[in-house]
Amino acid sequence: MAKTPITVAYGDGIGPEIMAATLEILEAAGAELSIEEVEIGERVYKRGIVTGLDPKAWESLTRTRVFLKAPITTPQGGGYKSLNVTMRTALNLFANVRPTVSYYPYVETKYPKMDVVIIRENEEDLYTGIEHRQTDQVVQCLKLISRPGSERVIRYAFDYARANGRKKVTCLVKDNIMKMTDGLFHQTFDRIAQEYPEIEHNSWIVDIGAAKLATTPESFDVVVMPNLYGDILSDVTAETSGSVGLAGSANIGERYAMFEAIHGSAPAIAGQGIANPSGLLLAAVMMLVHVGQSEVATRIHSAWLKTIEDGIHTPDIYRPGGHSVEKVGTAAFADAVVARLGQKPTTLKAVNYQDAPKTVPSPAQTSAKALKQLVGVDVFLDWDGGRPDQLAEKLESVPAGALNLDVITNRGIKVWPNGFPETFCTDHWRLRYRSRQEAPTARADVVSLLGNLVSAGFDVIKTENLYTFDGVPGYSQVPG
Ligand code: NAD
């Protein structure tokens, strides 16, 4: 078999120790890999490269397209960029796949039956990093959800379920509040689910869904969600399984894939030879399936399960008096897995990747464009001149042409007309202007309104055009 080229980074902290252990097992199991080592992380940051990624690493990555990455230490402050966020967006790794399994009774956990795969959207949502301070009192962060972005990760979740014999996909969103952003994710989920009639699907509002995931994880199978919820909840599930040291993750894109443990570089235990290499090893197992070496993946995962069953445990999961038999360090744990290659677990659920088709990410699909019409504008002001009625009074003298001031809000709450005097107001105001007639708004009317507001001395901090799409308002309504 031809060797598959992969890019490998040893990372920081416990990274070099767990990577050495992982590669030892991969080699002993007969993985056909040609390894290209690259440098990432703390030392690269300290050389003044703000991405933390040596330029040679890019060259290797764009050629091999497969990255096995140990955790790195991100220096605090200093304008450094998160290497993980850079990798995900630059390489278009849109799906983050994190399986979390309980290994009860061999690893202590309150949730003996958990076997859940969290698939997190990896590029959008509040992670686009578009933040602004707009007034003395108010900052904002833009939450961006796109239809192609949602479609790709949701379709990937259903394809993953189909390929891995999973029965159900659950979607977690907060679309009772974020009707447009999380609403788009939810509608996309419901639409795509129809293409997979053999797979059950359901959705929860993320707050109660998170509570259920944390208390009855056995009722979940595959769970797909936008970036922030996925970030938080995948850590919760990994931690409740027994140790963060046990879970691996795959970051999947159309052309590239990156595999890593879910935990960080654990500097407090670095250099002591006691870190659990399992998270990185299980990530490497996902990588072997990805590159078509399913048989080796099955051999390694089976031997690892047997090692856990035999009570050969690193300190993070070692519990005297329970099923732990021998407390071992990183290298001895790796040796124990190597010694069990060819064996299978006796009671833990066996794995077999040989029959599973690879989950191939589908390209984003294009759909017919909706008819977009401008019908008004939200103008945001920095103003600390008094109460809402006083602001409305001042605005009366600002010519608005074909536009009409419908409503004023402060932090999204209607304060004029007919606001509550008790509503607390910051210096951040929104004026909603809409066309007087049912006719579309002319762009020139928006421009002249802004000019008039500025001439009247108002500090316009931003605008959001109000559009309809095929006649449906593309903006949230003002409640109250
Ligand atoms: P961490 O995951 O490194 O450590 C959290 C806790 O879990 C610590 O008590 C640690 O000792 C323990 N732990 C983690 N991995 C373990 C393992 N394999 N075996 C045994 N115990 C383990 O999180 P942190 O302390 O918040 O972050 C440390 C550094 O890692 C920071 O610089 C952070 O930015 C970085 N980090 C990197 C990644 C990544 O590269 N993907 C992810 C998260 C954090």
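That block above? That's the structure.
Residues numbered from 1 in each chain as written. Predicted model: local features only at pLDDT ≥ 70, side-chain atom pairs only at ≥ 80, totals over all residues. Heavy atoms only, no water.

Student: I'd like to hear about the pattern of salt bridges, residue by residue, with values.
Tutor: In this structure the tally under the stated criterion is 28 salt bridges. In this structure, the salt-bridge partner of R319 is E108, at a minimum N-O distance of 4.0 Å. Here R319 is found in the loop between strand 13 (312–313) and strand 14 (326–327), whereas its partner E108 is found in the loop between strand 4 (95–101) and strand 5 (115–121), with 211 residues between them in sequence. Look at R319 and you get partly exposed, because its relative accessible area is 31%. The exposed category is assigned to E108, whose relative accessible area is 52%. R162 serves as the salt-bridge partner of E198, at 2.6 Å between the closest nitrogen and oxygen. With a gap of 36 residues between them, E198 in the loop between helix 6 (181–193) and strand 9 (200–205) and R162 in helix 5 (residues 147–163) connect regions that are remote in the sequence. According to the relative accessible area criterion, R162 is partly exposed, its value standing at 44%. (Salt bridge = Lys/Arg side-chain N within 4 Å of Asp/Glu carboxyl O. Helix = DSSP H or I, 4+ residues; strand = E, 2+ residues; numbered from the N terminus. Buried < 20%, exposed > 50% of the residue type's maximum accessible area, 1.4 Å probe, protein only.)

Student: So, helix 4 (residues 83–90): which residues are in play, and what are the values?
Tutor: Burial in helix 4 covers these residues: L83, T86, M87 and R88. In the segment just after helix 4, N92 is the residue with positive phi, at about 60°.

Student: Residue-level account of the packing of aromatic side chains, with values.
Tutor: Applying the stated criterion across every chain, the model contains 6 aromatic pairs. A centroid spacing of 6.4 Å and a plane angle of 85° characterise the contact between F94 and Y156, whose relative ring orientation is edge-to-face. One end of the pair, F94, is in the loop between helix 4 and strand 4; the other, Y156, is in helix 5, with 62 residues separating them in the sequence. Its relative accessible area of 0% is what places F94 among the buried residues. Judged by its relative accessible area of 6%, Y156 is buried. The interplanar angle of 75° and the centroid separation of 5.6 Å between the aromatic rings of W383 and W429 together place this pair among those described as edge-to-face. With W383 in the loop between strand 15 (372–382) and helix 12 (388–396) and W429 in strand 18 (residues 428–435), the pair connects residues that are 46 residues apart, well separated along the chain. By relative accessible area, which is 9% here, W383 ends up buried. Here the guanidinium or amino end of R120 rests over the ring plane of Y127, the centre of that ring lying 5.5 Å away. Lying across the ring of Y467, K372 places its NZ or CZ 4.3 Å from the centre. (Phe/Tyr/Trp six-rings, centres within 6.5 Å; stacked < 30°, edge-to-face > 60°. Lys NZ or Arg CZ within 6 Å of the ring centre and 35° of its normal.)

Student: How would you summarise the site of the ligand if you had to cite specific residues and measurements?
Tutor: Near the ligand lie 19 residues; those nearest to it are I72, N84, G264, A266 and N276. N84 places a polar side-chain atom, nitrogen or oxygen, 3.0 Å from a nitrogen atom of the ligand. One nitrogen or oxygen atom from the main chain of G264 is found 2.6 Å from an oxygen atom belonging to the ligand. Within the complex, the protein chains bury 64% of what would otherwise be the 820 Å² of accessible surface of the ligand. By residue class, the composition of the shell around the ligand is 8 nonpolar, 8 polar and 3 charged. (Near = heavy atom within 4 Å. Polar contact = N/O pair within 3.5 Å; in protein donor to acceptor, adjacent residues only side chain to side chain. Areas by Shrake-Rupley, 256 points an atom, 1.4 Å probe, with all protein chains shown as cover. Nonpolar A, V, L, I, M, F, W, Y, C, P; charged D, E, K, R; others polar.)

Student: Give a description of the nonpolar core that names residues and reports values.
Tutor: Judged by nonpolar contacts, the single largest core of 76 residues is most densely connected at L26, I119, V224, F259, I300 and W304. Among the elements that make up this core, the one with the highest residue count is helix 9 (residues 278–290) (10 residues). A domain-level breakdown of this core finds at least three residues from each of domain 1 (1–92 + 243–354) and domain 2 (110–240). Non-local contacts of I300, meaning those with residues more than four positions away in its chain, are made with I25, L26, A29, L281, V285, L288, V337 and L341. Counting 23 residues, the second-largest nonpolar core is a separate cluster that includes L391, V415, C425 and L449. (Core = buried A, V, L, I, M, F, W, Y, C linked by side-chain atoms within 4.5 Å. Domains from an automatic or database assignment. Contact = heavy atoms within 4.5 Å.)

Student: Requested: an account of the sheet that holds strand 2 (residues 33–38), with residues and values cited.
Tutor: Backbone-to-backbone hydrogen bonds join strands into a sheet, with any given pair of strands oriented parallel or antiparallel. Ordered by their spatial adjacency, 10 strands build an open sheet running 2-1-3-12-11-4-5-10-8-9, and the pairing between neighbours is mixed. Sheet topology places strand 2 and strand 9 at the edges, where each strand pairs with a single neighbour. Adjacent strand axes in the sheet meet at a mean angle of 20°, parallel and antiparallel pairs treated alike. Both strand 11 (residues 248–252) and strand 12 (residues 257–261) contribute to a ladder of 5 bridges, which runs antiparallel. Its bridge partner lying in strand 12, G248 is registered against A261. Contacts between helix 6 and the sheet are confined to strand 5, strand 8 (168–173), strand 9 and strand 10 (222–225), with strand 8 contributing the most and set at about 165° to the helix. (Pairing = 2+ DSSP bridges. Axes fitted to C-alpha atoms, helices over the stretch in contact; angles between N-to-C directions.)

Student: Residues and numbers for the environment of D125, please.
Tutor: Relative to the helices and strands, D125 resides in the loop between strand 5 and strand 6 (131–133). Distance in space between the C-alpha atoms of D125 and L228 is 7.0 Å, their sequence separation being 103 residues. With residues up to four places along the chain from it excluded, the contact list for D125 reads L142, K143, L144, I145, P226, N227 and L228. Within polar-contact distance, the side chain of D125 engages the side chain of K143 at 3.1 Å. Polar contacts involving the side chain of D125 include one to the main-chain amide nitrogen of L228, which spans 2.9 Å.

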